[in-house]
Structures are given as C-alpha cells and as structure tokens.
Amino acid sequence: MAEPGLAPQRGVARVDDAMWRAYRDVRLAALIDSPRAFWTRYAEAAERSDDDWRAMVARGPALWLAWDGDLPVGTVGLWHADDQPADEVYLVGMWVASTARGSGAARELVDAAVAEARSEGRRRVALDVARENPRARRFYLRCGFVPTGRTGAMPWDPTCVEERMVLDLPGPG
C-alpha cells in the first residue's frame, strides 16, 4: 500500500505461481464487468477449485497483471495456438477494471505482452476483438494493430462477431 499522501504504485508484473489468487480475482471481476469475457461465465469460474486456478496460472498462457498499489486492476495473456504459425502469437484475455481505464494500465499490459513476443522471436501478434466494442478497437489501433478484414463469431457466443487485428513486429537489425 502507498504511504499516506503518496500516489499508489502502478505497474505491470508477469504472473507467477504465487500470484494465482490475484489472477483469479481479476478474472472474476472481469466476468462481473464483461459477462462474455474469458470464454466462460462467472458461475463456472467461481466454481473452479483453488487447484484449478493454480493449474491455469502454471500451465496456461503467459499472463500479466496491471497493479494499482496492492490491487490488481487488469490482465492480459499471450498464447500460441497449435494451428498458428510458429512466429505468431495471440494476445488474449485483455481486461482492465473500469476504475483504471484511461490510466495507461491497458497500454502497459499490451506493451509487456508485445515485448515478450519480441523476446521470443515472434514476428506477429494477433488478437480478436468484439465488433460491439469500438472503444477496444480504437485502443488497439492506437497500439499499432491493424484490422485484417477477417471476422468470425465468438465460439461461446455466436451472436458476437470478432474482428482479427495484427501487429507486425520488426525483425532484427
């Protein structure tokens, strides 16, 4: 916690095994705020056991949390699908609490994930964003992502159309 009179510390940290509770709390908050987030419903996520949450953090995608003091206020993941080219990775599970929107937390999360993709030698970061979320689409455009024209229905909600966006990373040299 910040000292009285001082602004709380802000920042982004890569999620490790010890941070599974903070990650769980962010995911549950996101599902209250955005019921279609994370390919699940709040009730399903709330019923997961502690062991399930620990395993998700330990064996899932690379994850980051944005912090405002001691409070996690956002998350993002970086995931490589089996059917994806080796030099491409997906940005997944992006969410920032409404209280932290506009604070730079979202940009810090994206920057951390993109830096990781670069360090892994990836050449492209892809994401799918809901067409019904123009604010998110504008944000990703500001981050350098470009729409590909590819669209598709969300697997868990066919009424919601997603648009593919990509960020091509510069090569070495």
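Scroll up to find the structure.
Residues numbered from 1 in each chain as written. Predicted model: local features only at pLDDT ≥ 70, side-chain atom pairs only at ≥ 80, totals over all residues. Heavy atoms only, no water.

Looking at the sheet that holds strand β4 (residues 88-96)
- Here we have seven strands laid out as an open sheet, ordered β1-β2-β3-β4-β5-β7-β6, and mixed in their pairing. One side of each edge strand has no neighbouring strand; the edge strands of this open sheet are β1 (10-14) and β6 (146-154). Mean inter-strand twist for the sheet, computed between neighbouring axes without regard to direction, equals 25°.
- Of the strands in this sheet, β2 (62-68), β3 (71-79) and β4 are in contact with helix α1 (residues 20-33), which crosses β3 at around 95°.
- Across the sheet, helix α4 (residues 105-119) is in contact with β1, β2, β3, β4, β5 (124-130) and β7 (157-168); its angle to β4 comes to roughly 160°. (Pairing = 2+ DSSP bridges. Helix = DSSP H or I, 4+ residues; strand = E, 2+ residues; numbered from the N terminus. Axes fitted to C-alpha atoms, helices over the stretch in contact; angles between N-to-C directions. Contact = heavy atoms within 4.5 Å.)

Brief notes about the nonpolar core
- The biggest cluster of nonpolar side chains holds 47 residues, and the ones touching the most others in it are L91, V125, Y140 and F145.
- Excluding its chain neighbours within four sequence positions, the residues that come into contact with L91 are V76, G77, L78, V110, A113, V125, A126, L127, Y140 and F145.
- Of all hydrophobic cores here, the second largest spans five residues; its members include Y90, V92, A126 and V166. (Core = buried A, V, L, I, M, F, W, Y, C linked by side-chain atoms within 4.5 Å. Buried < 20%, exposed > 50% of the residue type's maximum accessible area, 1.4 Å probe, protein only.)

Some details on the pairing of β2
- Counting buried positions along β2 yields six of seven residues, so the element is predominantly enclosed.
- Relative to β2, β1 runs antiparallel, the two sharing five bridges. When the bridges of β2 are listed, A13 appears paired with L65.
- As judged from the seven bridges shared by β2 and β3, these two strands associate in the antiparallel manner.

Some details on the pairing of β4
- Among the nine residues of β4, seven are classified as buried, and the element is accordingly described as predominantly covered.
- Relative to β4, β3 runs antiparallel, the two sharing five bridges. Across the sheet, the residue bridging to T75 is W95, located in β4.
- As paired elements, β4 and β5 share three bridges and run parallel to each other. The partner of V89 across the bridge, within β5, is V125.

A word on the packing of α1 against helix α3 (residues 50-59)
- Contact geometry for α1 and α3: axes closest at 9 Å, N-to-C directions at 100°. Considered as vectors, α1 and α3 are oriented roughly perpendicular to each other. From α1, W20, R21, Y23, R24, R27 and L28 reach across to α3, where they touch D50, W53, R54, M56 and V57.
- Here the contact of α1 with α3 is composed, by residue class, of six nonpolar, no polar and five charged. (Parallel < 35°, antiparallel > 145°, perpendicular 65-115°, else oblique. Nonpolar A, V, L, I, M, F, W, Y, C, P; charged D, E, K, R; others polar.)

Looking at the environment of A29
- Position of A29 relative to the elements: it lies in helix α1.
- A residue is classified by how much of its surface remains accessible, and A29, at 31% relative accessible area, is partly exposed.
- On a C-alpha basis, the gap between A29 and G152 in space is 26 Å, while along the polypeptide they are 123 residues apart.

Observations regarding α4
- Here α4 is 15 residues long and its end C-alpha atoms lie 21 Å apart, about the 21 Å a rise of 1.5 Å per residue gives.
- Those residues of α4 lying buried are A105, A106, L109, V110, A112, A113, V114 and A117.
- Following α4 by one or two positions, G121 adopts a phi angle in the positive range, close to 80°. (Expected span 1.5 Å × (residues − 1).)

Re helix α5 (residues 134-142)
- Those residues of α5 lying buried are A136, F139 and Y140. Seen from one end, α5 has its buried residues packed into an arc of 95°, which puts them on one side. What points out from α5, more than 90 degrees from its buried face, is the exposed set R135 and R142.
- Here the buried face of α5 lies against β4, α4, β5 and β7.
- Of the residues flanking the end of α5, it is G144, one or two places downstream, whose phi is positive at about 100°. (Arc of directions from axis to C-beta.)

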